[in-house]
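Given next are the chains, with one letter for each unit.
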Amino acid sequence: MAKRRRAIPQYGTVIMNGVEYYRTRITDADGKRVALYGRTREELYDKVEEAKRQIEDCTFRRSTPTVAEYCEKWLLMQSSSIRVTTLNDYKSKVKNYIVKQLGDMYMADVTADDVKLALVAASRRSSSVYRSVNMLIKCIFASAMDSHIIDYNPTLNISAKGGIPQKERDALTDEQVNQLLDAIKGLPPYVFVMLGLYAGLRREEILALKWDSVYFDGEAPYLTVRRAWHTEHNRPVISTELKTKAARRDIPLPKQLEECLKEAKKKSTSEYVVANSEGQPLSYTQFKRVWQYIVTRSTKERTYVRYVNGQKIRHTVSPVLGEVASHNGRVKYSLDFQVTPHQLRHTYITNLIAASVDPKTVQYLAGHENSKITMDIYAKVKYNKPHELLSAVNGAFGQSKGK
């Protein structure tokens, strides 16, 4: 059978540098008229067909949003179903680890390699940050697939493992608790620390606690958790929207915490249990300053910057336990360990478990929605003691068993 010849248009011609070329014009993806040339009509025809394919491909890509545009839309869709604090966390991570890396690319153009490269920045942070960013980028592209915005999801085979593992801090010992409380007695963080150690409240629960949620009357004084603190642009925001439903709970006051709060209420001129000098809840910066009272009394080596004659001079301080700070005679280096706000809560939960409080009660008092979180801590505290388990193991596998 004879091969069918292509129907090639009759193109115009033009002479350039004494050579005759065939010429035609087409409209590109930007709407501009451009000229194409060929020595033969067949050559020009092939160029025109290839240009059309490229224009169609470019037009398709431009019909899909950029990563930045779709991320903004996705965050807006999430805003109706998640807490404000969670949304703010999502916005920050999307901006710094997704949009910053991929924002100008079209969603349809992103490849698996692009995603892996974008996650490099997150991999240099903690494993929890990496997992969070990994989850977000997968959710965003899965949503785009469900909405038929893209035909291929480049995140499908991206590993969720990455980031720098964080060393879990142990609960404070009784001796460390006493050292900490002695070091900050009468100082701004004292009430905060007491609420963490003896009520197990999260930071956002302590900083949102009002006196109307503390009940001293009755046989069993208690406090109720019903508000949460977060900041927006360093301004404190108090909300009745808690982390989970389980976070809303009533917590009995141990005697030492009851006495501490009664004393604090006598001096208080604010509706907040922990407040700034104006009686308002603390901003994020103010909380960091309050926590510095603890940091500056520890033996942790630290570096700070001072300006001398307009020059930035970096100083390193290596505190020695028991000595007084050279820059402040009221500061004594009395803590040979580091403390975090969450460690106070972890100490509370650990002490409950060590005192043989049943797991369900621990879960309620801690405000854990998922029992697995409680049981993971419970197993570590209760059973990670080989010297105490030896007799049980000997009983199971020792001479008392017949051979």
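For clarity, every value in this text was computed on a predicted model and none was experimentally measured.

Scoring rules and cut-offs
For every chain, the first residue of the written sequence is number 1, and numbering continues from 1 along that sequence. Per-residue local features are limited, in this predicted model, to residues with pLDDT of at least 70; the limit for side-chain atom pairs, both in listing and counting, is 80 or more; totals at the level of whole chains, interfaces and linings are taken over all residues. Note that water and hydrogens are dropped before the side-chain values are worked out from all heavy atoms of the structure. Working definition: helices are DSSP H or I runs of at least four residues, strands are E runs of at least two. Numbering for both runs from the N terminus. Restricting the calculation to C-alpha atoms gives the radius of gyration, and the globule rule supplies 2.2 Å times the number of residues raised to the power 0.38. Under the scheme applied here, a residue whose accessible area is under 20% of the maximum for its type counts as buried, over 50% as exposed, and between as partly exposed, the area being computed with a 1.4 Å probe on protein chains only. Should any heavy atoms of two residues lie within 4.5 Å, those residues are considered in contact. Within this scheme the basic residues Lys and Arg register as positive and the acidic residues Asp and Glu register as negative, but His and the chain ends are omitted. Charge coordinates come from a single atom per side chain, which is NZ of Lys, CZ of Arg, CG of Asp or CD of Glu. Remark: nonpolar core denotes a set of buried residues (Ala, Val, Leu, Ile, Met, Phe, Trp, Tyr, Cys) joined through side-chain atoms within 4.5 Å. What qualifies as a polar contact is a pair of N or O atoms within 3.5 Å, subject to a donor-acceptor requirement within protein and to the restriction that residues adjacent in sequence count only when both atoms come from side chains. Only strands that DSSP links by at least two bridges are regarded as paired with each other. To obtain each axis, a line is fitted to C-alpha atoms, and for helices this fit is confined to the stretch in contact; angles are then taken between N-to-C directions over 0 to 180 degrees. Pairs were defined over the aromatic rings of Phe, Tyr and Trp, the Trp ring being its six-membered one, requiring ring centres within 6.5 Å. Orientation was assigned from the angle between planes: stacked under 30 degrees, edge-to-face over 60, tilted for the rest. As a reminder, the over-ring test applies to NZ of lysine and CZ of arginine, requiring each to be within 6 Å of the ring centre and within 35 degrees of the ring normal. The labels follow the angle: roughly parallel below 35 degrees, roughly antiparallel above 145, roughly perpendicular from 65 to 115, and oblique for the rest. Crossing handedness is read from the near helix: turned anticlockwise from the far helix by less than a right angle, it gives a left-handed crossing, and turned clockwise, a right-handed one. Side-chain classes follow a simple rule in which Ala, Val, Leu, Ile, Met, Phe, Trp, Tyr, Cys and Pro form the nonpolar group, Asp, Glu, Lys and Arg form the charged group, and the remainder, Gly included, forms the polar group.

## So, the overall build of the chain
Within the chain one finds 14 helices and 10 strands. In terms of C-alpha radius of gyration, the chain reaches 32 Å, well past the compact-globule figure of 22 Å for 403 residues. With respect to the principal axes defined by its C-alpha atoms, the chain has extents near 100 × 80 × 45 Å. Here the chain, with 403 residues, has 37% of them falling under the buried criterion. Across the chain, contacts joining residues at least 24 apart in sequence account for 59% of those joining residues at least 6 apart. Positive and negative side-chain charges of the chain, numbering 63 and 44 respectively, have mean locations separated by a distance of 2 Å.

## Regarding the nonpolar core
Ranked by internal contacts, the top residues of the largest apolar core, which has 55 residues, are Leu-180, Leu-223 and Leu-261. Ignoring sequence-local partners within four residues, the contact set of Leu-180 consists of Leu-172, Val-193, Ile-294, Leu-335, Phe-337, Val-339 and Leu-344. One finds Leu-87, Leu-119, Val-129 and Leu-136 within the second-largest nonpolar core, a separate group that totals 29 residues.

## Quick notes on the side chain of Asn-153
Here Asn-153 lies in the loop between α5 (127–146) and α6 (174–184). Judged by relative accessible area, Asn-153 falls into the buried class, the value being 7%. Among the polar contacts listed, one links the side chain of Asn-153 to the side chain of Thr-155, at a separation of 2.7 Å. With near-sequence residues (within four places) excluded, Asn-153 lies in contact with Phe-141, Ala-142 and Met-145.

## Comments concerning the sheet that holds strand β3 (residues 33–38)
Taking strand neighbours across the sheet as the criterion, the 3 strands line up as β1-β2-β3 in an open arrangement whose pairing is antiparallel. Looking at which strands have only one partner, the edges of the open sheet turn out to be β1 (12–16) and β3. Averaged over all pairs of adjacent strands, the angle between strand axes in this sheet comes to 45°, irrespective of strand direction. With 5 bridges connecting them, β1 and strand β2 (residues 19–27) associate as antiparallel partners. Looking across to β2, one finds that Thr-13 is bridged to Tyr-22.

## What to know about the packing of helix α7 (residues 190–199) against helix α11 (residues 341–354)
Their axes nearest at 6 Å, the elements α7 and α11 cross at an angle of 30°. Only Pro-341, Leu-344, Arg-345, Thr-347 and Tyr-348 of α11 make contact with α7, whose side of the interface consists of Phe-192, Val-193, Gly-196, Leu-197, Tyr-198 and Ala-199.

## Digging into the sheet that holds strand β4 (residues 214–215)
On the basis of which strands lie adjacent, the open sheet formed by 3 strands has the order β4-β5-β8 and antiparallel pairing. The sheet is open, and its two edges are formed by β4 and β8 (249–252), each paired on a single side. Across 4 bridges, the pairing between strand β5 (residues 222–225) and β8 is antiparallel. Residue pairing for β8: Leu-223 is matched across the bridge by Ile-251.

## Some points on the packing of aromatic side chains
Taken as a whole and assessed by the stated rule, the structure comprises 5 aromatic pairs. Residues Phe-192 and Trp-291 carry aromatic rings whose centres are separated by 5.9 Å and whose planes lie at 75° to one another, so their mutual orientation is edge-to-face. In this pair, Phe-192 sits in helix α7 while Trp-291 sits in helix α10 (residues 284–295), placing the two residues 99 residues apart along the sequence. Note on Phe-192: relative accessible area 3%, which makes it buried. Directly above the aromatic system of Tyr-21 lies the positively charged group of Arg-39, at a separation of 5.7 Å from the ring centroid.

## Observations regarding the pairing of β5
Where β4 and β5 come together, 2 bridges link them in antiparallel fashion. Across the sheet, residue Val-214 finds its bridge partner in β5, namely Leu-223. Taken together, β4 and the strand that follows it, β5, pair antiparallel across an intervening segment of 6 residues, in which Gly-218 is found at a positive phi of about 95°.

## Digging into the environment of Met-107
Within the secondary structure, Met-107 is located in the loop between α3 (84–102) and α4 (112–123). With sequence-adjacent residues up to four places away left out, Met-107 is seen in contact with Thr-64, Pro-65, Thr-66, Val-67, Tyr-70, Ile-140, Phe-141, Ala-144 and Ile-150.

## Some words on the pairing of strand β10 (residues 311–317)
The buried fraction of β10 is low, at 0 of 7 residues. Pairing analysis gives 7 bridges linking strand β9 (residues 302–308) to β10, with the strands arranged antiparallel. Bridging from a neighbouring strand, Arg-302 pairs with Val-317 of β10.

## A short note on the packing of α11 against helix α12 (residues 359–366)
α12 packs onto α11 with a crossing angle of 160° between their chain directions and a minimal axis gap of 10 Å. In this view, α11 runs roughly antiparallel relative to α12, as classed from their interaxial angle. Of the two elements, α11 crosses α12, and the hand of that crossing is right-handed. Between α11, through Arg-345, Tyr-348, Ile-349, Leu-352 and Ile-353, and α12, the contact on the second element is made entirely by Val-362, Leu-365 and Ala-366. Looking at the contact of α11 with α12, its residues break down into 7 nonpolar, no polar and 1 charged.

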